[in-house]
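Here is how the chains run, residue by residue.
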Amino acid sequence: MASRPVMLTLANLCGRGLNFILFIVIANFYGANPETDWFFFTYGIAYFCIGICYYATESALVPVWHRMPGALHVSFGRRAYKVALAGTVGIFAFMIIGGLFIAPMRGIAVPGIQRSALTVIAVLAGQPGLAFLSSFFSSFHQYRQRYFLSTVHLALRSIGVLAVLAIFRNADILVLATAFLVGEIIRMLLLFPAELRGVFRGMTSQMPGHVFWHAYRDVAWMTLALAGTVVNPLVDLAMVGHLRSGSVTLVEYAGRIRGMPVLALGGILIFLLGDWSSRHHQHGHLLTWKPVRRAAWQAFGVCVPAVVLLFAGASWWIPLIFRSPLFGTPELASLKDLLWWYLPGVPFLAGSLVLSRALLVIQQARLLAIISLCAMIVNIAVNVIMIALMDLPGVALSTTVVDGCVWLGTFLVARNLLCQSDNVLDCNGSSAAW
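Peer 1: I'm lost on the overall build of the chain in this one. Help?
Peer 2: The number of helices and strands found in the chain is 20 helices and 0 strands. In the chain, which comprises 434 residues, the proportion classed as buried is 55%. Of all intrachain contacts in the chain linking residues separated by at least 6 positions in sequence, the fraction that spans at least 24 positions is 87%. Accessible surface, the chain: about 17800 Å² in total, of which carbon and sulfur atoms supply 69%.

Peer 1: It is not clear to me how unusual backbone geometry should be interpreted in this structure. Could you clarify?
Peer 2: Residues other than glycine predominantly adopt negative phi, and peptide bonds predominantly adopt the trans conformation. A positive phi angle is found at Gln 145, which is not glycine, with a value near 60°. With respect to the element layout, Gln 145 can be found in the loop between α5 (127-143) and α6 (148-151). For Gln 145, a relative accessible area of 29% puts it in the partly exposed group. One non-glycine residue with positive phi stands out, namely Asp 391, at about 65°. Residue placement: Asp 391 occurs in the loop between α17 (365-390) and α18 (393-418).

Peer 1: Looking at this model, I keep getting lost on the pattern of salt bridges. Mind explaining?
Peer 2: Any two side chains of opposite charge can pair if their charged atoms end up close together. Using the criterion set out here, one finds 7 salt bridges in the structure. For Arg 146, the salt bridge goes to Glu 195, with nearest N and O atoms at 2.9 Å. Highlighted residues: Arg 146 in the loop between α5 and α6 and Glu 195 in the loop between α8 (173-191) and α9 (209-215), separated in sequence by 49 residues. Glu 252 is the partner of Arg 256 in a salt bridge, and the nearest nitrogen-oxygen pair spans 2.8 Å. Placement of both Arg 256 and Glu 252 in helix α11 (residues 247-263) is noted, with a separation of 4 residues, approximately one turn of the helix.

Peer 1: Honestly, the packing of helix α16 (residues 346-361) against α18 in this entry has me stumped. Any pointers?
Peer 2: The geometry of α16 relative to α18 is characterised by a closest axis approach of 8 Å and an angle of 35° between their N-to-C directions. Helix-helix and strand crossings are classified by hand; for α16 and α18 the assignment is left-handed. Two secondary-structure elements touch here, α16 through Phe 348, Leu 349, Gly 351, Ser 352, Leu 355, Ala 358 and Leu 359 and α18 through Asp 403, Gly 404, Val 406, Trp 407, Thr 410, Phe 411, Val 413, Ala 414, Leu 417 and Leu 418.

Peer 1: Sorry if this is basic, but what is going on with the packing of aromatic side chains here?
Peer 2: The geometry of an aromatic ring pair comes down to the distance between the two centres and the angle between the two planes. Per the counting criterion, the structure on display carries 22 aromatic pairs. Ring centres of Phe 39 and Phe 40 lie 5.4 Å apart, and the angle between their planes is 80°; this geometry places the pair in the edge-to-face category. According to the relative accessible area criterion, Phe 39 is buried, its value standing at 0%. We classify Phe 40 as buried; its relative accessible area is 5%. Relative to Phe 411, the ring of Trp 407 lies with its centre 5.4 Å away and its plane at 20°, an arrangement referred to as stacked. Of this pair, Trp 407 and Phe 411 both sit in helix α18, 4 residues apart, which is roughly one turn of the helix. Under the relative-accessibility criterion, Trp 407 is labelled buried at 14%. Between Arg 256 and the ring centre of Tyr 47, over which it is positioned, the NZ or CZ distance is 4.6 Å.

Peer 1: What should I look at first to understand the side chain of Ser 135 in this one?
Peer 2: Tracing the backbone shows Ser 135 in helix α5. Accessibility expressed as a relative area gives 0% for Ser 135, which makes it buried. Engagement of the side chain of Ser 135 in a polar contact is seen with the backbone oxygen of Phe 132, the distance being 2.6 Å.

Peer 1: Which parts of the structure should I look at to understand the nonpolar core?
Peer 2: With 100 residues, the main nonpolar core has Phe 39 and Phe 322 as its most contacted residues. Per element, the largest residue contribution to this core is 11 residues, and it comes from helix α2 (residues 34-67). Not counting the four nearest positions on each side in its chain, Phe 322 is found in contact with Phe 23, Ala 27, Asn 28, Tyr 253, Ile 257, Phe 327, Leu 332 and Leu 335. Ala 84, Phe 132, Phe 136 and Leu 196 belong to the second-largest nonpolar core, a separate cluster that totals 20 residues.

Peer 1: Explanation requested: a nonpolar patch on the surface in the structure shown.
Peer 2: Side chains of Ile 97, Phe 101, Ile 102 and Met 105 sit close together on the surface and give an oily, nonpolar patch of about 440 Å² of accessible area. Tracing the sequence through the fold places Phe 101 in helix α3 (residues 73-105).

Parameters and conventions
- Residues numbered from 1 in each chain as written.
- Predicted model: local features only at pLDDT ≥ 70, side-chain atom pairs only at ≥ 80, totals over all residues.
- Heavy atoms only, no water.
- Helix = DSSP H or I, 4+ residues; strand = E, 2+ residues; numbered from the N terminus.
- Buried < 20%, exposed > 50% of the residue type's maximum accessible area, 1.4 Å probe, protein only.
- Contact = heavy atoms within 4.5 Å.
- Areas by Shrake-Rupley, 256 points an atom, 1.4 Å probe, with all protein chains shown as cover.
- Salt bridge = Lys/Arg side-chain N within 4 Å of Asp/Glu carboxyl O.
- Axes fitted to C-alpha atoms, helices over the stretch in contact; angles between N-to-C directions.
- Left-handed = near helix turned anticlockwise from the far one by under 90°.
- Phe/Tyr/Trp six-rings, centres within 6.5 Å; stacked < 30°, edge-to-face > 60°.
- Lys NZ or Arg CZ within 6 Å of the ring centre and 35° of its normal.
- Polar contact = N/O pair within 3.5 Å; in protein donor to acceptor, adjacent residues only side chain to side chain.
- Core = buried A, V, L, I, M, F, W, Y, C linked by side-chain atoms within 4.5 Å.
- Patch = residues over 30% accessible without salt bridge, like charges linked within 9 Å, V, L, I, M, F, W, Y side chains within 5 Å.

Below, the structure written as structure tokens:
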């Protein structure tokens, strides 16, 4: 059992490495300009939907599968398929409002004629539904305690994106949007489990509606929780749209790099959720504070030296990554300033992700939603203040402040709830361990 997290970590690192290569290719092909500002803001809306569709479903359904009779699995999948189709229409309308109306209001100009922009929006709008189905399939793999595909799912998408960009190498945002669509299709197909092969053969479901929506109650709360979290990067992009050309793109690039150390823990997070859920729901070993505290501390301990190394080598690795002629000295200086304020929040982000898995296992998605909604309010308020005081780097500092607040909230809530099933000594000694 001990070797399993190690193997998943290695697989995750290989997958994240491929995703990082994709990030480098996109950054150096497209640079930072008004057209990429609009694309990344609009894609930010799509990614907001993808994020809540994927991670809410994947995280919340793992415990649900353990409680559901096997005879209902295929019917459950058919209803999920219908949800994906129905949601696409609403997402398309949501993205039109954001890309064609809200973006110009925030100083982010729509590139070219609106018909071309509408095509990009249409290509992006279909992707959250595909991500939703991918996450549904991923949660089933985790329920069956098969973690490999769920660990490397981003790499599966990256393969498709890189293939399209390699074939069509002109720097056009429609090509980039199409590349992401191909990547989402490939991810969904490769995650499709053989046990659910009847999902697409018919639209009739034998699952009673009240059973389905009861199962999706946790998904709804987790969606709300993630909406409050995933919307923060989109708020950041909107906040800087008026500053200067390329600001939105630079914040997007810096935010992606900020997330890399945490993404390296993806395999461990998947394993912890699956293993804790199985023990808690199927084997009667109730989750307690001690293992959660230990896992959160280990994640914190891994990220601190990673952040220190990134700080120490910033003068050489930033120009190495953004080596395209499209990045001049001002852009590189802005990226360095952004990362200086982004990176201190990474250990707090990692710790809160571990703690949130524990809360999901004990079915406290509602509390996660409350924490994330409070964090969203804090993010907006701090953004307004810090951008006024510090210009572009203020958006990064506000994110770090929010990371610390979310960590503190999840820590206190998880400790309070899990200590009810732990012994007094473990809980009383937890403060010293932190």
